[in-house]
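Structural overview for review
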Amino acid sequence: MKALRVTRGEAGAHLAEVPVPVPQDDEVLIQVTAAGLCGTDVQAAFRPEARLITRPELTLGHEPAGRIVALGRAVRGWATGDRVAVSSIVICGRCHLCSQGMSEICARGSIIGLNHDGAVAEYMTAPAVNLVRLPDAVTDEVGAILTDAIPTPFHALYQRGRLQPGETVAVFGVGGLGQHAVQLAKAFGAARIIAVDIRAEQLEHALSLGADHAFRADDEKLGDLIREANGGRGVDLAGVFVGSSAAIAAAFRSVGKGGRMVVVGLTDDNLVLPPSAALARREISIIGSGGFRLDTIEQLVALVAAGRLDFSRSVSNVLELDEAESALDLLRGHHGSVRRVVVAPKGE
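What you see is a predicted model, and the numbers here were worked out from it, not measured in a lab. Just so you know, the residues in each chain are numbered from 1, in the order the chain's sequence is written. A pLDDT threshold of at least 70 governs which residues receive local features in this predicted model, and a stricter bar of 80 or more applies before side-chain atom pairs are shown or counted, although totals over entire chains, interfaces and linings include all residues. Each side-chain value is derived from all of the structure's non-hydrogen atoms; neither hydrogens nor water enter the calculation.

1. Points about the overall build of the protein
Operational definition: Secondary structure elements are taken from DSSP: a helix is a run of H or I of four residues or more, a strand is a run of E of two residues or more, and numbering for both begins at the N terminus. Note on method: radius of gyration uses C-alpha positions; expected globular size equals 2.2 Å times residues raised to 0.38. A simple rule labels every residue: compare its accessible area, found with a 1.4 Å probe on the protein chains alone, to the largest value its type can have, and call it buried under 20%, exposed over 50%, or partly exposed in between. Only heavy atoms enter the contact rule, under which two residues are in contact if any of them lie within 4.5 Å. The Shrake-Rupley method, run with a 1.4 Å probe sphere, supplies the accessible areas, and residue values consider only the shown protein chains as cover. By the counting rule applied here, Lys and Arg register as positive and Asp and Glu as negative, while His and the ends of each chain are not counted. Each charge is placed at NZ for Lys, CZ for Arg, CG for Asp and CD for Glu.
Looking only at helices and strands, the protein features eleven helices and 18 strands. Since a compact globule built from 348 residues should have a radius of gyration of about 20 Å, the 20 Å found for the protein is in line with a globular shape. Projecting the C-alpha coordinates of the protein onto the three principal axes gives extents of approximately 60 × 40 × 35 Å. Counting every position in the protein, which comprises 348 residues, the buried fraction comes to 53%. Relative to all contacts within the protein whose residues are 6 or more apart in sequence, the contacts with residues 24 or more apart total 70%. Accessible area for the protein stands at about 15300 Å²; split by element, carbon and sulfur atoms hold 49% of it. Once the 34 positive and 40 negative side-chain charges of the protein are each reduced to a mean point, those two points are 7 Å apart.

2. Here's the deal with the sheet that holds strand β4 (residues 57-59)
The pairing of strands in a sheet comes from backbone hydrogen bonds and takes either a parallel or an antiparallel form. Applied cut-off: Only when DSSP finds a minimum of two bridges between them are two strands counted as paired. Where helices are involved, their axes are fitted lines through C-alpha atoms of the stretch in contact, as for all axes, and angles between N-to-C directions lie from 0 to 180°.
Here we have three strands laid out as an open sheet, ordered β2-β1-β4, and antiparallel in their pairing. The open sheet terminates on both sides in strands that have one partner only, identified here as β2 (14-17) and β4. This sheet shows a mean twist of 50° between the axes of neighbouring strands, independent of strand direction. Judged from the three bridges that link them, strand β1 (residues 2-7) and β4 form a sheet pairing that is antiparallel. By the bridge assignment, R5 is partnered in β4 with T59.

3. A look at the packing of aromatic side chains
As a reminder, the rule being used: Between the rings of Phe, Tyr and Trp (Trp by its six-membered ring), a pair exists once the centres lie within 6.5 Å; its type follows the angle of the planes, with under 30 degrees stacked, over 60 edge-to-face, and the other angles tilted. In this scheme, Lys NZ or Arg CZ marks a charge over a ring once it lies within 6 Å of the ring centre and within 35 degrees of the ring normal.
Counted by the stated rule, this structure contains three aromatic pairs. When the centroid spacing of 5.3 Å and the interplanar angle of 40° are considered together, the rings of F154 and Y158 count as tilted. Placement of both F154 and Y158 in helix α4 (residues 151-160) is noted, with a separation of four residues, approximately one turn of the helix. Residue F154 is classed as buried on the basis of its relative accessible area, which comes to 8%. Directly above the ring of F46 sits R332, whose terminal nitrogen or CZ lies 3.7 Å from the centroid.

4. A closer look at the domain arrangement of the protein
Let me state the cut-off plainly: Domain start and end points were adopted from an automatic or database domain assignment. Buried area is calculated as the accessible area (1.4 Å probe) missing from two parts once they are joined, with the contributions of both summed.
For the protein, the assigned domains read domain 1 (2-148 + 292-344) and domain 2 (151-288). One C-alpha centre belongs to domain 1, the other to domain 2; they are set 27 Å apart. In this complex, domain 1 contributes 23 residues to the contact, which on the side of domain 2 involves 20 residues. When domain 1 packs against domain 2, close to 1800 Å² is buried across both sides, 56% of that on carbon and sulfur atoms.

5. A short note on α4
Among the ten residues in α4, nine count as buried, and that is most of the element. Every buried residue of α4 is accounted for by P151, T152, P153, F154, H155, A156, L157, Y158 and Q159. In this fold, the buried residues of α4 make contact with α3 (140-145), β11 (168-172), α5 (176-187), β14 (235-240), β15 (255-263) and α10 (294-305). Positive phi appears at R162, one or two residues downstream of α4, with a value of about 55°.

6. A closer look at the sheet that holds β11
Spatially, the six strands line up as an open sheet ordered β13-β12-β11-β14-β15-β16, and their pairing is parallel. Edge positions in the sheet fall to β13 (213-216) and β16 (285-288), since each of these pairs with one other strand and no more. Geometrically, the sheet is characterised by an average inter-axis angle of 20° between neighbouring strands, direction not taken into account. Two strands pair when backbone bridges link them, and β11 and strand β12 (residues 192-197) are joined in this way by five bridges, in the parallel orientation. If you follow T168 over to β12, its bridge partner there is R192. Of the strands in this sheet, β12 and β13 touch helix α6 (residues 200-209), which is tilted by about 170° from β13.

Printed below as a string of structure tokens:
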């Protein structure tokens, strides 16, 4: 079969012929129908110094959707032909974090597409416990991005940031994750949504998705603009969905007394915090958010199937597997019209 492969320590990705994987007893074999790509895949392929890849060579892709074509001997409750999405976070289910309902940071957790062969291929294997059933109302492309691009901001805003209806949200970085943060905040009752980005096209798109205000991140008066848009005070919750220390600093300055800042974007830069008085006297919380749980995906699938949420506009580019290398190049180019890229292998 064809698969998009990367080699640890080397920059680049290439299509290669590899054997069809064989599922272990607790796994299923999936014919991939859609695999989302994001900035993490770009980093894994083109920034070997980031050390995201832990195996000598593997297949990229951590946002899979497809149909089951074979079952491991111990798998129950699933059948060949079932349409599924796959959570990329492989957990142990037994550590102290899993037992406390924090499986997204499982002490022995690993990631499909970074630590295990991933989804940008004709076939992949996955643990049966990582599967989410896809109803007919959810397309393969949306099902794929429901495994990361959408549950990540959902977890950040609601399960970590504790966003409440009527609060004001500032979304820093309205690319692949941030655009969904805007949609989710709108759908669940945020009173005001402020989008911040360096790219004019992404700001325009954020406004079309429900943002009330859109400001350039490099505007010297950004802080004043945010407070003016929010009635003279800071926001209740700021979400940072871009890997930038400058964005994190700006987001902190945007938060009002008693507010929260949740950080999702990854950067190797050291963060510079303000004097402790700014935290203590304003009682501001700084929160990290690094993943999601299986039930997060299940909730989102149900909401999409019921028509409560619509992510049909999220995928801007769908390419065939033979074009997978070009798909990565699209994401690397930071084109304003490119939002979410999905690779859709052709079925037999």
